[in-house]
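Breakdown of the fold
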Amino acid sequence: MASKSGATGGRAAGSRAAGRTSDGKTPSSLEQLIEALRHLPGVGPKSAQRMAFHLLQHDREGALQLAQALDHACSSVQHCTRCHTFTEGDLCTTCRDDTRDAHLLCVVENPADQMMIEQTLTYKGLYFVLMGHLSPLDGIGPRDLHLEQLLARASDGVVSEVVLATNFTSEGEATAHYISEMLKARGLAVSRLARGVPAGGELEYVDAGTIARAMLDRRST
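The rules behind the values
Along each chain, the written sequence defines residue order, and numbers are assigned to residues from 1. Two thresholds apply to this predicted model, a pLDDT of at least 70 for residue-level local features and 80 or more for giving and counting side-chain atom pairs, whereas whole-chain, interface and lining totals are computed over all residues. The side-chain quantities take in all heavy atoms of the structure and omit both hydrogens and water. Partly exposed residues are those whose accessible area sits between 20% and 50% of the maximum for their type, while under 20% is buried and over 50% is exposed, using a 1.4 Å probe and protein chains only. Helical segments are the DSSP runs of H or I of at least four residues, strand segments are the runs of E of at least two, and each set is numbered from the N terminus. Two strands qualify as a pair provided that DSSP identifies no fewer than 2 bridges between them. Here the term right-handed applies to a crossover when the path leading from its first strand over the helix to its second strand runs clockwise, the strands being oriented away from the viewer. A contact between two residues is defined here by any heavy atoms of the two lying within 4.5 Å. For helices, the axis comes from a line fit to the C-alpha atoms of the stretch in contact; other axes are also lines fit to C-alpha atoms, and the angle between any two N-to-C directions lies between 0 and 180 degrees. The pLDDT value tells you how sure the predictor is about a given residue, anywhere from 0 up to 100.

**Considerations on the pairing of strand E5 (residues 161-164)**
Of the two faces of E5, the one carrying Glu161 and Val163 and the one carrying Val162 and Leu164 are both buried. Sheet analysis places strand E3 (residues 101-108) next to E5, joined by four bridges and oriented parallel. The partner of cysteine 106 across the bridge, within E5, is valine 163. Here E5 pairs with strand E6 (residues 190-192) via three bridges, running parallel. Bridge pairing in E6 links leucine 164 to arginine 192. Assessed by its sense of winding, the connection that carries the chain from E5 through helix H8 (residues 170-184) to E6 is right-handed.

The following block contains the structure:
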């Protein structure tokens, strides 16, 4: 989940791309493309400029394919009504899979983390995707992460263990602690990924073998 400051910055960038520049001139199509590419994480002005020039000079077919894929994804992809991951229907394929172990519920921060856990082939339960983490400084609280819905799912009489697989960042740890205390107050069994994942690491960038070891060695909180 993007922070409020990030969302504000995105809207400002969008207005610059669609409106006028600081000197009152309407930006060219190339300038709008460069500004749009800057929305990608880790992409600054120079990187965005290189990408734009490459697409226009060497790969216009790829540029059109990218534009069509983005347009289709933005109009088709939504959040699963049960676990909040990305899907094109009301329920994602994992939530619709009757072979998954409904007694296990794994809580992750975002769909990329869910994908990494799936790649380990060590977990066969269901998921709840927070789409972020608790961050009071950014104004992100329990309601923004749908924790009431998480509590309802964990208390449905089917789930026997909630696996907290938030990132091992300070925000992820705080989120895991908050959820753990919330669930244990209801008498629910809660476990946390073992420290196979390095402190300060994010699941999206950790190798699958390390995540597999952490999943297999998870512990109660």
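**What about the sheet that holds E6?**
If you walk across this open sheet you meet the five strands as E4-E3-E5-E6-E7, and the pairing is mixed. In this open sheet, the two edge strands, each paired with only one partner strand, are strand E4 (125-129) and strand E7 (219-220). Taken strand by strand, helix H6 (residues 111-120) contacts E3 and E4, and its axis lies near 160 degrees from that of E4. Sheet strands in contact with helix H7 (residues 147-154) are E3, E4 and E5, and its direction is about 160 degrees off that of E4.

**Brief notes about the confidence of the model for the protein chain**
Averaged over all residues, the pLDDT of the protein chain equals 89, while 90% of them reach at least 70. Of the regions scoring below 50 in pLDDT, residues 1-17 engages in 21 contacts with residues more than four places distant in sequence or in other chains.

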